[in-house]
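Now for the letters of each chain:
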Amino acid sequence: MELRHLQHFVAVAEDRHFTRAAERLMVSQSGLSASIRALERELRAPLFVRTTRRVTLTEAGRALLVEAERILAQVRAAHDAVAAVQGVLRGTLALGTEQCIAGVRVAELLAAFRGRHPDVEIRLRQAGSGELAEEVAAGRLDLAFAYRTRADSDQLRSVSLADEPMTVLCHPGHRLAAAPAVLGPHDLTGEVFVDFHPDWGPRRTTDAAFAAAGVRRTVALEVNDVHSLLDLVDENLGIAVVPRHFRHKRPSLTALPLKGTGEARYETVALLPPERATSPAARALVALLGTGT
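Definitions and limits used
Residues numbered from 1 in each chain as written. Predicted model: local features only at pLDDT ≥ 70, side-chain atom pairs only at ≥ 80, totals over all residues. Heavy atoms only, no water. Phe/Tyr/Trp six-rings, centres within 6.5 Å; stacked < 30°, edge-to-face > 60°. Helix = DSSP H or I, 4+ residues; strand = E, 2+ residues; numbered from the N terminus. Buried < 20%, exposed > 50% of the residue type's maximum accessible area, 1.4 Å probe, protein only. Lys NZ or Arg CZ within 6 Å of the ring centre and 35° of its normal. Contact = heavy atoms within 4.5 Å. Core = buried A, V, L, I, M, F, W, Y, C linked by side-chain atoms within 4.5 Å. Expected span 1.5 Å × (residues − 1).

1. Some remarks on the packing of aromatic side chains
Turning to step 1, where the next piece is worked out: One pass over the structure, following the stated rule, counts six aromatic pairs.
Turning to step 2, where the next piece is worked out: A ring pair is formed by F193 and F210, whose centres lie 5.6 Å apart and whose planes are at 85°; its orientation type is edge-to-face. Of this pair, F193 sits in strand β7 (residues 193-196) while F210 is found in helix α7 (residues 201-213), placing the two residues 17 residues apart along the sequence.
Turning to step 3, where the next piece is worked out: Residue classification places F210 among the buried residues on the basis of a relative accessible area of 2%.
Turning to step 4, where the next piece is worked out: Relative to W200, the ring of F196 lies with its centre 4.4 Å away and its plane at 15°, an arrangement referred to as stacked. Comparing F196 with W200 shows no difference in burial state: the two are buried.
Turning to step 5, where the next piece is worked out: Feature note: the residues F9, F18 and F48 constitute an aromatic cluster, connected by ring pairs.
Turning to step 6, where the next piece is worked out: Sitting over the ring of F193, R217 keeps its end group 4.9 Å from the ring centre.
Turning to step 7, where the next piece is worked out: Of note, R217 hangs over the ring of F210, and the distance from its end group to the ring centre comes to 5.4 Å.

Structure follows, in structure tokens:
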């Protein structure tokens, strides 16, 4: 099995199209098809279902994709490690982050990183914590800034960035604005909630807190960005339970601490692969975190 066969396989799996993958790889379509057939012969299993309109992975193909991405990520890390020993950091830094993550200013951090390592190509994508954890574990991301998963594993480790309580945000004219200074989940029974997609860290934290308190809640208004959430609360269409630092983004809203369970804390971390699989670029970025940049 050759690395180029795996590279060709991953490209077709990502594009779901032989022609587009061949163009991206700058190889002929016939050569790409031959490469995939050679891989299928060696593995004795079809990797794709081909139709006139699309290409989809078989069960064997899905299994191979996980391992192929991991192998290619390790090869890239090996190349980068050799370059780092030679005194030059090259390659790619693939970074993921949730919106408005606590404990790190992503834009400032990346600007500082680029200033120190101009030969490294930076790629950034934004997603929910669950998806980001999967991307780091699969080797598609070098690291991610996200909500802490329940525990580190053999595929993930974490570096703590910040820990803060959750806060209830409501319109100044909402009945809760005149409520006691501290609220618990039971005080919010029957309220209309604005919240993020279930994959997001703040939503996971809030869901865990209410489940631990035995309080059922319904999210009527679900969004995928912070400013839309704040706009909906600002129009008194619902309340939100968010990490404490969100209150500074809209000072006009009333902020009340959420008491109750230990689950009602929001911890953000840098998610990384195991030490042996961490790229030099990711190590350099984490080192900058330690300097307070």
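2. A word on the environment of T268
Turning to step 1, where the next piece is worked out: Secondary-structure assignment places T268 in strand β11 (residues 265-272).
Turning to step 2, where the next piece is worked out: Taking the relative accessible area as the measure of exposure, T268 reaches 0% and is therefore buried.
Turning to step 3, where the next piece is worked out: Along the backbone, T268 and S158 are 110 residues apart, and their C-alpha atoms lie at a distance of 9.3 Å.
Turning to step 4, where the next piece is worked out: Beyond its immediate stretch of four places on either side in the chain, T268 contacts I101, A102, A146, Y147, S160, L161 and A162.

3. Focus: the nonpolar core
Turning to step 1, where the next piece is worked out: In this structure, F113, F145, L188 and L285 are the most contacted members of the largest nonpolar core, which totals 39 residues.
Turning to step 2, where the next piece is worked out: Secondary-structure elements contributing two or more residues to this core are β3 (91-97), α5 (106-116), β4 (120-126), β5 (143-147), β6 (157-170), β11 and α9 (280-290).
Turning to step 3, where the next piece is worked out: The biggest single contributor to this core is α9, with six residues.

4. Some words on helix α3 (residues 29-43)
Turning to step 1, where the next piece is worked out: Here α3 spans 21 Å end to end across 15 residues, near enough to the 21 Å set by a 1.5 Å rise per residue.
Turning to step 2, where the next piece is worked out: Along α3, the positions that sit buried rather than exposed are L32, S33, S35, I36, A38, L39 and E40.
Turning to step 3, where the next piece is worked out: A positive phi of about 55° marks R44, the residue just after α3.

5. Section: α7
Turning to step 1, where the next piece is worked out: In a regular helix each residue adds 1.5 Å, so 13 residues correspond to 18 Å; α7 covers 19 Å between its end C-alpha atoms and thus fits that length.
Turning to step 2, where the next piece is worked out: All buried positions along α7 are accounted for by G201, P202, R203, T205, T206, A208, A209 and F210.
Turning to step 3, where the next piece is worked out: One or two steps after α7, the chain reaches G214, where phi turns positive at roughly 70°.

Everything listed is a geometric property; what it means functionally is a separate question.
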